[in-house]
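# Observations on the model geometry
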Amino acid sequence: MSELMYQVIFYAVAALVLGSALIVAMSRNIVHSAFALLLTFFSVAGIYVFLSAEFLAVAQVVIYVGGILVLILFAVMLTNKVRDVNLSNPSAPPYIAAPLVMIIFAGLLWLIMKTPWKTVGPQEIGAINDIGNALMGRYLLAFEVAAVLLLGALLGAAYLARKRKS
Amino acid sequence: MISLQTFLIISAALFCLGLFIVLTRKNAVAILMGIELILNAASIALVSFSRFITPYGTGGIGGVVAPGAPATGGQTFVIFVIIIAVCEAAVALAIILNIYQNFRTVDTEQTKELKG
């Protein structure tokens, strides 16, 4: 693949990320927001491929698209009246929020451009067996804590969402 | 090649869009979507730092990777971020369903029982 082709595909994926995130932010219909979020998650997986983190791209598609997005769609369907054709998604007037977010974005841009990053060019960031070795070696304690946290969170969710006898 | 700054700008823009959603939306499920966008932005920043900035020679305890060894730190952290996102989505869905049972709405401006 030629260099130009590579760049064109990268910028197309980046535009897809930001454009679909913009649809999530601006859409008046919450189902449209949810499907734009699906597109955002897929294109973030594309960004991971450009960072040569293929394992993360696959994990992103499986967990975010297959798990979290389905959870969000369930939440949308369970908390709206299904007969409403137009599932509205109200938002507060953005007179304060929009300038605030603009200021934060400008500050981040200034930081990114100003800082003299000591980059070493693209380096090897590890195949799947390196990640496995890291998870079972250096990060073993964090991995176990994450497992316990997942168990606790799922038990808590089941407890919170149970049917009450009354 | 695509530089580190490009990836960081994408990450910053995604973070700001997520923050905008969290600040303006009234529907609790939409706020949850904004939080997911913020977590994705953080993940992109972590992986791009891991790819472009060398982890060895930084000193410190356990922060040193042998020269030539692949840097797995960023990807491992992103795996933990995904685990946190799953936990947060599950618990948030349970809380939102409870709010819906009690108030018959998920509009964050109409659920003001604690407001005196």
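Heads up: the structure comes first, above all this text.
What comes next is a walk through the structure. Computed from a prediction, not measured in an experiment: that's the story for all the values here. (Residues numbered from 1 in each chain as written. Chains lettered and ligands numbered in written order. Predicted model: local features only at pLDDT ≥ 70, side-chain atom pairs only at ≥ 80, totals over all residues. Heavy atoms only, no water.)

### A short note on the overall build of chain B
Broken down by element type, chain B carries three helices and zero strands. Tracing chain B from N to C terminus, the helices and strands come up as α-α-α. A burial count over chain B gives 57% of its 116 residues as buried. Partitioning the intrachain contacts of chain B with sequence separation of at least 6 by distance along the chain shows that 62% fall at a separation of at least 24. Roughly 4700 Å² of accessible area belongs to chain B as shown, and the carbon and sulfur atoms make up 66% of that amount. (Helix = DSSP H or I, 4+ residues; strand = E, 2+ residues; numbered from the N terminus. Buried < 20%, exposed > 50% of the residue type's maximum accessible area, 1.4 Å probe, protein only. Contact = heavy atoms within 4.5 Å. Areas by Shrake-Rupley, 256 points an atom, 1.4 Å probe, with all protein chains shown as cover.)

### A short note on the packing of aromatic side chains
All chains considered together, the criterion is met by eight aromatic pairs over all chains. A ring pair is formed by F41 of chain A and Y64 of chain A, whose centres lie 4.7 Å apart and whose planes are at 45°; its orientation type is tilted. On the criterion of sequence distance, the pair formed by F41 of chain A in helix α2 (residues 30-50) and Y64 of chain A in helix α3 (residues 54-78) is long-range, its members being 23 residues apart. For the pair formed by F41 of chain A and Y64 of chain A, the shared burial category is buried. Site record: aromatic cluster; members linked through ring pairs are Y6, F10, Y11 and F50 of chain A together with F7 and F52 of chain B. In this structure, R162 of chain A packs its charged tip against the face of Y159 of chain A, placed 4.3 Å from the ring centre. (Phe/Tyr/Trp six-rings, centres within 6.5 Å; stacked < 30°, edge-to-face > 60°. Lys NZ or Arg CZ within 6 Å of the ring centre and 35° of its normal.)

### Re the packing of helix α4 (residues 97-114) of chain A against helix α1 (residues 4-24) of chain B
The packing of two helices is summarised by the inter-axis angle and the distance between the axes. The contact between α4 of chain A and α1 of chain B brings their axes to 10 Å, and the two run at 165°. Accordingly, the angle class assigned to the pair α4 of chain A and α1 of chain B is roughly antiparallel. For the pair α4 of chain A and α1 of chain B, the sense of crossing is right-handed. Residues A97, A98, L100, V101, I104, F105, L108, L109, I112 and M113 of chain A of α4 of chain A form the contact with α1 of chain B, whose participating residues are Q5, L8, I9, A12, A13, F15, C16, L19, F20, L23 and T24 of chain B. Taken together, the residues that form the contact of α4 of chain A with α1 of chain B break down as 19 nonpolar, two polar and no charged. (Axes fitted to C-alpha atoms, helices over the stretch in contact; angles between N-to-C directions. Parallel < 35°, antiparallel > 145°, perpendicular 65-115°, else oblique. Left-handed = near helix turned anticlockwise from the far one by under 90°. Nonpolar A, V, L, I, M, F, W, Y, C, P; charged D, E, K, R; others polar.)

### Description of unusual backbone geometry
Located in the positive-phi region is S52 of chain A, a residue other than glycine, with phi close to 55°. Mapped onto the elements, S52 of chain A comes out in the loop between α2 and α3.

### As for the nonpolar core
I47 of chain A together with M33 of chain B are the most contacted members of the largest nonpolar core, which totals 77 residues. Beyond its immediate chain neighbours, meaning those up to four positions away, M33 of chain B contacts V24, I30, S33, A34, L37, I72 and V76 of chain A. (Core = buried A, V, L, I, M, F, W, Y, C linked by side-chain atoms within 4.5 Å.)

### Overview of the side chain of Q75 of chain B
By the secondary structure assignment, Q75 of chain B is in helix α3 (residues 73-103). Take Q75 of chain B: its relative accessible area is 1%, and that puts it in the buried class. Setting aside chain neighbours within four positions, we find Q75 of chain B in contact with A53, L56, I125, G126 and I131 of chain A.

### Side note on the interface of chain B and chain A
With 74 residues of chain B at the contact, the number on the chain A side is 83 residues. Carbon and sulfur atoms supply 76% of the area that chain B and chain A bury against each other, a total of about 7300 Å² over both sides. Among the residues of chain B in contact with chain A, R25, M33 and R51 of chain B are the three that bury the most area, contributing 10% of the side total. If you look at where chain B meets chain A, you find zero salt bridges. Joining chain B to chain A, the criterion identifies six residue pairs in polar contact (both at pLDDT 80 or more). For the side of chain B that touches chain A, the secondary structure elements donating two or more residues are α1, α2 (28-52) and α3 of chain B. Across the side of chain B that touches chain A, the residue classes tally to 53 nonpolar, 16 polar and five charged. (Buried area = accessible area lost by both parts, 1.4 Å probe. Salt bridge = Lys/Arg side-chain N within 4 Å of Asp/Glu carboxyl O. Polar contact = N/O pair within 3.5 Å; in protein donor to acceptor, adjacent residues only side chain to side chain.)

### Points about the environment of I128 of chain A
By the element assignment, I128 of chain A lies in helix α5 (residues 128-136). By relative accessible area, which is 54% here, I128 of chain A ends up exposed.

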